[in-house]
Amino acid sequence: MSVIKFLQKTFYRRITNHTTVNLKIAKRSIQIQPNSDRSTEQTLINPLQHEDYFGVRKLVTVEDLFNARVHYGHKEGCRNQNMQPYIFGCRNGVDVINLDETLEHLFQALNFLSHVVYADGIILFIMHSHIYGHAVEKMARECGEYALTRTYYRHYFLTPDRHAAKLPSLCVFLSLLNNVNQQHSCISDCAKVNIPTMGIADTNSDPCLVTYPVPGNDDSLLSIELYLRLFETCVKNAKQKKKDDTAHAVDSIEKIQ
């Protein structure tokens, strides 16, 4: 299923209905005539009609990825064969990631993240690391989202009461592995309950179950700082864009009088 069809089927169906209700309330409050419904509908903005509505392609370049050491992989003997298409070559026994592939996959992932945030989705950032856990939690808190940096108990997403607990709309993995270099068990659980995922896939990880894998270094300070900065920027930009578009829609209604 394509990105546009997936978003139309899930997030944007809900947000469009919610926006339409708010606009109807706004129309009644400013006493707009009933025959202006068509003009009101034209004020609704559909981000899916734009290729890069949130401008994510302006946020990062190949040079930024190179300077952040994103191209550093693991030793050739640790390579997961499913990462073969994303490997540029091998130098001194260490895999080198193709940054052209990384950049394109990163653009797709950041675009999807921005769309989910714009549609009022819940984002859960996940990384089981004692070194970078605090930075991930701080980033999530500053952009108004959630983080899980401690032990994830298997099948947690499968057991909670759906009426009492709300599952995340998107899970973002800073690494596909846990602290003992095994695949994070939350990835398979997300696949079982149809939660989309995006994550940084190093050369020793398996990206098959991830909706939007981004080939890149997942265990260096510079690369983690770059990912966190990009994620935070995308979330904040999408929320601000949503606020601006809502204000623009209300202003357009007032001009219809």
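The structure we're discussing is the one just above.
A brief look at the structure comes next. Note that the coordinates shown come from a computational prediction; the quantities given were computed from them, not determined experimentally. Think of each chain on its own: its residues are numbered from 1, step by step along the sequence as written. Restriction of local features to residues with pLDDT of at least 70 applies here, the model being predicted, together with a cutoff of 80 or more for giving and counting side-chain atom pairs; totals for whole chains, interfaces and linings are based on all residues. Derived side-chain values reflect all non-hydrogen atoms in the structure, with water molecules and hydrogen atoms excluded from consideration.

Think of it this way: any DSSP run of H or I at least four residues long counts as a helix, any run of E at least two long counts as a strand, and we number them from the N terminus. Summing up its helical and strand segments, the chain has eight helices and eight strands in all. The buried share of the chain, reckoned over its 257 residues, is 49%. Across the chain, the fraction of contacts at a sequence separation of at least 24, relative to all contacts at a separation of at least 6, is 70%. Exposure was quantified through the Shrake-Rupley algorithm and a 1.4 Å probe, taking into account, for residues, occlusion by the shown protein chains and nothing else. Accessible surface, the chain as shown: approximately 13900 Å² in total, 50% of it carbon and sulfur. Burial classes follow relative accessibility: with a 1.4 Å probe on protein chains only, a residue under 20% of its type's maximum area counts as buried, one over 50% as exposed, and anything between as partly exposed. It only takes one pair of heavy atoms within 4.5 Å for two residues to be counted as in contact.

In this structure, Ser-185 sits in helix α7 (residues 185-192). Once you skip the residues sitting within four places of it in the chain, Ser-185 turns out to touch Tyr-152 and Arg-154.

Here we come to the nonpolar core. Of all hydrophobic cores here, the largest spans 42 residues; its most connected members are Leu-113, Phe-125 and Phe-231. Where this core is concerned, the elements lending two or more residues are α5 (99-118), β4 (123-126), α6 (133-142), β6 (170-173), β7 (197-201), β8 (212-215) and α8 (221-255). A per-element tally of this core places α5 first, with eleven residues. Apart from residues no more than four positions distant in its own chain, Phe-231 is found in contact with Leu-110, Leu-113, Phe-125, Met-139, Val-172, Leu-174 and Met-198. Tyr-152, Leu-167, Ile-195 and Ala-201 belong to the second largest nonpolar core, which has 17 residues in total. The set of buried Ala, Val, Leu, Ile, Met, Phe, Trp, Tyr and Cys residues whose side-chain atoms join them within 4.5 Å is what this entry labels a nonpolar core.

Strand pairing is defined by DSSP finding a minimum of two bridges between the two strands. Across the sheet, which stays open at both edges, the five strands sit in the order β5-β4-β6-β7-β8 with parallel pairing between neighbours. Looking at which strands have only one partner, the edges of the open sheet turn out to be β5 (146-148) and β8. For this sheet the average axis-to-axis angle between neighbouring strands, irrespective of direction, equals 20°. Helix axes are fitted to C-alpha atoms over the stretch in contact, other axes to C-alpha atoms as well, and angles between N-to-C directions run from 0 to 180 degrees. Across the sheet, α6 touches β4 and β5, and the angle it forms with β5 is around 165°.

Considering the arrangement of structural elements, one finds Gly-199 in strand β7. Judged by relative accessible area, Gly-199 falls into the buried class, the value being 3%. Along the sequence, Gly-199 and Val-172 sit 27 residues apart, while their C-alpha atoms lie 5.5 Å from each other. Not counting residues up to four positions away in its chain, the partners in contact with Gly-199 are Phe-173, Leu-176, Val-210, Tyr-212, Pro-213 and Val-214.

The periodicity of an α-helix, 3.6 residues per turn, causes residues three or four positions apart to be oriented the same way. Those residues of α6 that fall on the buried side of the exposure criterion are Gly-133, Val-136, Met-139 and Ala-140. The arc enclosing the buried residues of α6, seen along the axis, measures out at 130°, which places them on a common side. Exposed residues on α6 whose side chains face more than 90 degrees from its buried face are His-134 and Arg-141. Buried residues belonging to α6 abut β4, β5 and α8. Phi turns positive, to about 75°, at Gly-144, one or two residues after α6. Within this analysis, the arc is defined by the directions that extend from the helix axis to the C-beta atoms.

Let us look at the sheet that holds strand β1 (residues 72-75). Pairing is antiparallel across the open sheet formed by three strands, whose spatial order is β1-β3-β2. Both edges of this open sheet fall to β1 and β2 (87-91), since each of them pairs with a single strand only. Pairwise comparison of adjacent strand axes, ignoring direction, gives a mean angle of 30° for this sheet. As judged from the four bridges shared by β2 and strand β3 (residues 94-97), these two strands associate in the antiparallel manner. The residue of β3 that forms the bridge with Cys-90 is Asp-95.

Between Lys or Arg on one side and Asp or Glu on the other, a salt bridge is scored when a side-chain nitrogen of the former is within 4 Å of a carboxyl oxygen of the latter. Evaluated as defined, the whole model comprises six salt bridges. Between Asp-95 and Arg-79 there is a salt bridge whose closest N-O contact spans 2.5 Å. A residue pair is termed long-range when its members are at least 10 positions apart, and Asp-95 in strand β3 and Arg-79 in the loop between β1 and β2 qualify at 16 residues. An identical accessibility class is assigned to Asp-95 and Arg-79; each is buried. Among the salt bridges present, the one from Asp-120 reaches Lys-242, with a minimum N-O distance of 3.1 Å. Of the two residues, Asp-120 sits in the loop between α5 and β4 while Lys-242 sits in helix α8, which places them 122 residues apart along the sequence.

Shape descriptors only; they carry no functional weight alone.
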